[in-house]
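Secondary and tertiary structure notes
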Amino acid sequence: MRMTFCGLGLVGLCLACSPTYDHKGKTPLVEVDGRFLYREDLQAVMPVGLSADDSLLFADDYVRNWAEEVLLYDKAEENIPDNAEVERLVANYRKSLILHIYQQALIHQKLSAQVTEEEVEAYYRDNLNLFKVDRPLIKGLFIKVPLKAPHLADVRRWYRSDSHEAVEHLEKYSLRNAVKYEYFYDKWVPAADVLGQLPEGGVAAETALRQKRPVELADTAFHYFLNVTDYRAVGEDEPYEMARAHARELLLNIRQVEFMRQVREDLYRRAVENDEIIYYTNTIEE
């Protein structure tokens, strides 16, 4: 039989008959063999925005699962034949957790999380083998206009140039006439993102992209104009502006590893100097 959240108030009344516990200001909801689930703990995991009915359902399920887990844990603890192995695993986990927390605190306190742009760029240049393009990239401009859009001759002239004047003309023109206008002369974008906007058969335009030739296509409703000023094929060096975040992360990781290696070596050296490490060489048989 499932206990509804409404019935939890009765549980609270029943607790008055149980032995006195120090609940440290919390409100007990359920007790199983001296273990308590508190109202504050339930409220902490309650999803925000639930309706009243959904809140009751969530609370009912959470309480039931909590009680079942306590009971299952008790049964498991009774039947585990080798608690020493569990204690060993717990001790190893605790040791690893303490080391990790301490190392992260040291890194945060002693090692600056900031590296200069010059250092990141130098690392990128020195390790270009780590930064390769995994999909074609392009820089350019794309504009899509209706078949009967005005001044198409001007559009054909403007889109082929990346000059400030030509771009300004296209931007003004696109406000009234373009269905789609994308300016990316100043950033790299995946070629597939642009090719996917071309009409059927537009994939053939990829050859023109590699050669950085202007592309003009049309279907029954629109004209498509694409000008590419730069292209990077798969396997070529990844542009720095795209590799920058990854390069910075790798450089920081290297510094963190080197920092912790130095910390360990310093601790060991001081321990040796202070005769804190004793080697019993006679216990090792040749």
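Preceding this paragraph is the structure being described.
An account of the accompanying structure is given in this report. All values reported here derive from a predicted model rather than from experimental measurement.

Brief notes about helix H10 (residues 240-273)
Its 34 residues give H10 an end-to-end C-alpha distance of 47 Å, which sits within 8% of 50 Å, the value for a rise of 1.5 Å per residue. Along H10, the largest kink reaches about 30 degrees and is centred on histidine 246. Buried within H10 are the following residues: Tyr240, Ala243, Ala247, Leu251, Leu252, Phe259, Met260, Val263 and Ala271. Just downstream of H10, aspartate 275 is the residue with a positive phi angle, here 55 degrees.

Here's the deal with the environment of leucine 251
Its place among the elements puts leucine 251 in helix H10. Not counting residues within four places of it along the chain, the set of residues in contact with leucine 251 comprises Val115, Glu119, Val120 and Tyr123.

Quick look at the packing of helix H4 (residues 83-110) against H10
One way to put it is that H4 packs onto H10 with a least axis distance of 11 Å and a crossing angle of 110 degrees. In terms of axis orientation, H4 runs roughly perpendicular to H10. Of the residues in H10, those touching H4 at Gln103, Leu106, Ile107 and Lys110 are Gln256, Phe259, Met260, Val263 and Arg264. A per-class count over the contact of H4 with H10 returns five nonpolar, two polar and two charged.

Quick look at the pairing of strand S6 (residues 222-232)
Examined bridge by bridge, strand S3 (residues 137-146) and S6 share 10 bridges and lie antiparallel to one another. Bridge pairing in S6 links leucine 141 to asparagine 227. The pairing of strand S5 (residues 215-218) with S6 spans four bridges and is antiparallel. Residue alanine 218 lies in a different strand from S6, and its bridge partner there is histidine 223.

Observations concerning the side chain of lysine 144
One can find lysine 144 in strand S3. Among buried Asp, Glu, Lys and Arg side chains, lysine 144 stands out as unpaired, with aspartate 219 the closest opposite charge at 6.4 Å. Once you skip the residues sitting within four places of it in the chain, lysine 144 turns out to touch Ala178, Val179, Lys180, Phe222, His223 and Tyr224.

With respect to the packing of aromatic side chains
Applying the stated rule across the entire model yields nine aromatic pairs. A centroid spacing of 5.3 Å and a plane angle of 90 degrees characterise the contact between tyrosine 183 and tyrosine 185, whose relative ring orientation is edge-to-face. A residue is classified by how much of its surface remains accessible, and tyrosine 183, at 34% relative accessible area, is partly exposed. Between lysine 144 and the ring centre of phenylalanine 222, over which it is positioned, the NZ or CZ distance is 4.4 Å.

Digging into a nonpolar patch on the surface
Together, Tyr268, Val272, Ile277 and Tyr279 line one region of the surface with nonpolar side chains, adding up to about 390 Å² of accessible area. Mapping valine 272 onto the fold places it in helix H10.

Focus: unusual backbone geometry
In this model, lysine 24 sits at a positive phi of 55 degrees, which is unusual for a non-glycine residue. A residue is classified by how much of its surface remains accessible, and lysine 24, at 71% relative accessible area, is exposed. Of note, histidine 151 is a non-glycine position whose phi angle comes to about 55 degrees, a positive value. Mapped onto the elements, histidine 151 comes out in the loop between S3 and helix H6 (152-158).

Quick word on the nonpolar core
Counting residues in each nonpolar core, the largest one holds 16 residues, and the members touching the most others are Ile138, Phe142, Phe184, Val194, Leu209 and Leu226. When contributions to this core are tallied by element, the ones reaching two or more residues are S3, strand S4 (180-190), helix H8 (191-195), helix H9 (205-210) and S6. Of the residues forming this core, the biggest block, four residues, is contributed by S6. Within the second largest apolar cluster, 14 residues are counted, among which are Leu141, Leu152, Val155 and Ala166.

What counts and what doesn't
Residues numbered from 1 in each chain as written. Predicted model: local features only at pLDDT ≥ 70, side-chain atom pairs only at ≥ 80, totals over all residues. Heavy atoms only, no water. Helix = DSSP H or I, 4+ residues; strand = E, 2+ residues; numbered from the N terminus. Expected span 1.5 Å × (residues − 1). Bend = angle between axes of the 7 residues up to and from the residue. Buried < 20%, exposed > 50% of the residue type's maximum accessible area, 1.4 Å probe, protein only. Contact = heavy atoms within 4.5 Å. Axes fitted to C-alpha atoms, helices over the stretch in contact; angles between N-to-C directions. Parallel < 35°, antiparallel > 145°, perpendicular 65-115°, else oblique. Nonpolar A, V, L, I, M, F, W, Y, C, P; charged D, E, K, R; others polar. Pairing = 2+ DSSP bridges. Lys, Arg positive; Asp, Glu negative; His and termini not counted. Salt bridge = Lys/Arg side-chain N within 4 Å of Asp/Glu carboxyl O. Phe/Tyr/Trp six-rings, centres within 6.5 Å; stacked < 30°, edge-to-face > 60°. Lys NZ or Arg CZ within 6 Å of the ring centre and 35° of its normal. Patch = residues over 30% accessible without salt bridge, like charges linked within 9 Å, V, L, I, M, F, W, Y side chains within 5 Å. Areas by Shrake-Rupley, 256 points an atom, 1.4 Å probe, with all protein chains shown as cover. Core = buried A, V, L, I, M, F, W, Y, C linked by side-chain atoms within 4.5 Å.

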